[in-house]
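In case you want the letters, here they are:
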Amino acid sequence: MKYTSLLLSGCIAASFLFSSCDKKGPATSTVAITITDGQTGTASAGATVKLYDDVNKPNTGEAPSYTLTTDASGKATAVVAYIGEYYIVAEKGTQKSYYNGLIPIGIFKTQADIDSSPKQTPAAIIGSVKFKDTNNDGVINDSDKAKAPNLFLQEGQTLNYSLAVY
């Protein structure tokens, strides 16, 4: 009886050990990201692309889940763990795609452009970054802060995404 119980226990343990070999690895997706210079529209080679798994991490300084660098054509590609959604921030030198909650939409090129745009602090000057007035109240302030742009992935998908830095 003891021998039969021991044999049965061994068979059960072996089935658990060997059944794990049949399981698939972690689900993945591929992201192919193109970064351009928002002022010139040209490829932004050497830009750093950060993918975060939490909406708050881009604003708190926490480490991203993935850090990529664009090639000469402004492209970065990576296979990432499939979690459904990543928040993306790109930087090249002082240029960014996201400024602690504010979304850049261009560069002020003329005084007329400044005069016809929502007021922002610090005061806009020619050459400074123009931010999106997300609540359309004519003023750029904390009420205009938004989450970083996000990528929605499906398992096994290759997602192409473009972003500009200003």
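Coordinates for the structure precede this section.
The structure displayed is predicted, hence computed values, not measured ones. (Residues numbered from 1 in each chain as written. Predicted model: local features only at pLDDT ≥ 70, side-chain atom pairs only at ≥ 80, totals over all residues. Heavy atoms only, no water.)

Peer 1: Describe the sheet that holds strand β1 (residues 28–37), with residues and values.
Peer 2: Either a parallel or an antiparallel arrangement is found when strands of a sheet pair, and the pairing is made through backbone hydrogen bonds. Taken in spatial order, the three strands of this open sheet run β4-β1-β12, and their pairing is mixed. The open sheet has two edge strands with one neighbour each: β4 (75–81) and β12 (158–165). Within this sheet the neighbouring strands show an average axis-to-axis angle of 25°, counted without direction. Bridging between β1 and β12 involves eight bridges; their strand directions are parallel. Directly across from I35, in β12, lies its bridge partner L163. (Pairing = 2+ DSSP bridges. Helix = DSSP H or I, 4+ residues; strand = E, 2+ residues; numbered from the N terminus. Axes fitted to C-alpha atoms, helices over the stretch in contact; angles between N-to-C directions.)

Peer 1: I'd like a rundown of the pattern of salt bridges, residues and numbers included.
Peer 2: A full pass over the atoms with the stated rule returns four salt bridges. Close ionic contact of K130 with D113 constitutes a salt bridge, the shortest N to O distance being 2.8 Å. Residue K130 is located in strand β9 (residues 129–131), and its partner D113 is located in helix α3 (residues 111–115); the two are separated by 17 residues in the primary sequence. In this pair, the class of K130 matches that of D113, namely buried. The partner of K145 in a salt bridge is D142, with the nearest N and O atoms 3.5 Å apart. K145 gets classed as partly exposed once you look at its relative accessible area, which sits at 38%. (Salt bridge = Lys/Arg side-chain N within 4 Å of Asp/Glu carboxyl O. Buried < 20%, exposed > 50% of the residue type's maximum accessible area, 1.4 Å probe, protein only.)

Peer 1: Got a sec to walk through the pairing of strand β2 (residues 48–52)? Specific residues and values, please.
Peer 2: When β2 meets strand β3 (residues 66–69), the two strands line up antiparallel, connected through four bridges. Bridging across to β3, T48 finds its partner in T69. The sheet contact formed by β2 and strand β5 (residues 85–92) spans five bridges and is antiparallel. The partner of K50 across the bridge, within β5, is V89.

Peer 1: Could you give an account of the packing of aromatic side chains, with specific residues and numbers?
Peer 2: Taken as a whole, this structure holds two aromatic pairs when the rule is applied. Ring geometry for Y66 versus Y86: centroids 5.8 Å apart, planes at 75°, classification edge-to-face. With Y66 in strand β3 and Y86 in strand β5, this residue pair connects regions lying 20 residues apart in the sequence. On the accessibility criterion, Y86 (2% relative accessible area) is buried. (Phe/Tyr/Trp six-rings, centres within 6.5 Å; stacked < 30°, edge-to-face > 60°.)

Peer 1: Outline the side chain of S97, supporting the account with residue identities and numerical values.
Peer 2: Along the chain, S97 falls in the loop between β6 (95–96) and β7 (104–107). Looking at S97, the relative accessible area reads 4%, which means it is buried. If near-sequence neighbours (up to four positions away) are discounted, S97 is found in contact with I88, V89, A90, P104, L163, A164 and V165. (Contact = heavy atoms within 4.5 Å.)

Peer 1: Can you lay out the environment of T121 for me, pointing to particular residues and giving the numbers?
Peer 2: Mapped onto the secondary structure, T121 falls in the loop between β8 (119–120) and β9. The exposure class assigned to T121 is exposed, which follows from its relative accessible area of 75%. Taking the C-alpha atoms as reference points, T121 and V139, separated by 18 residues in sequence, lie 8.8 Å from one another.

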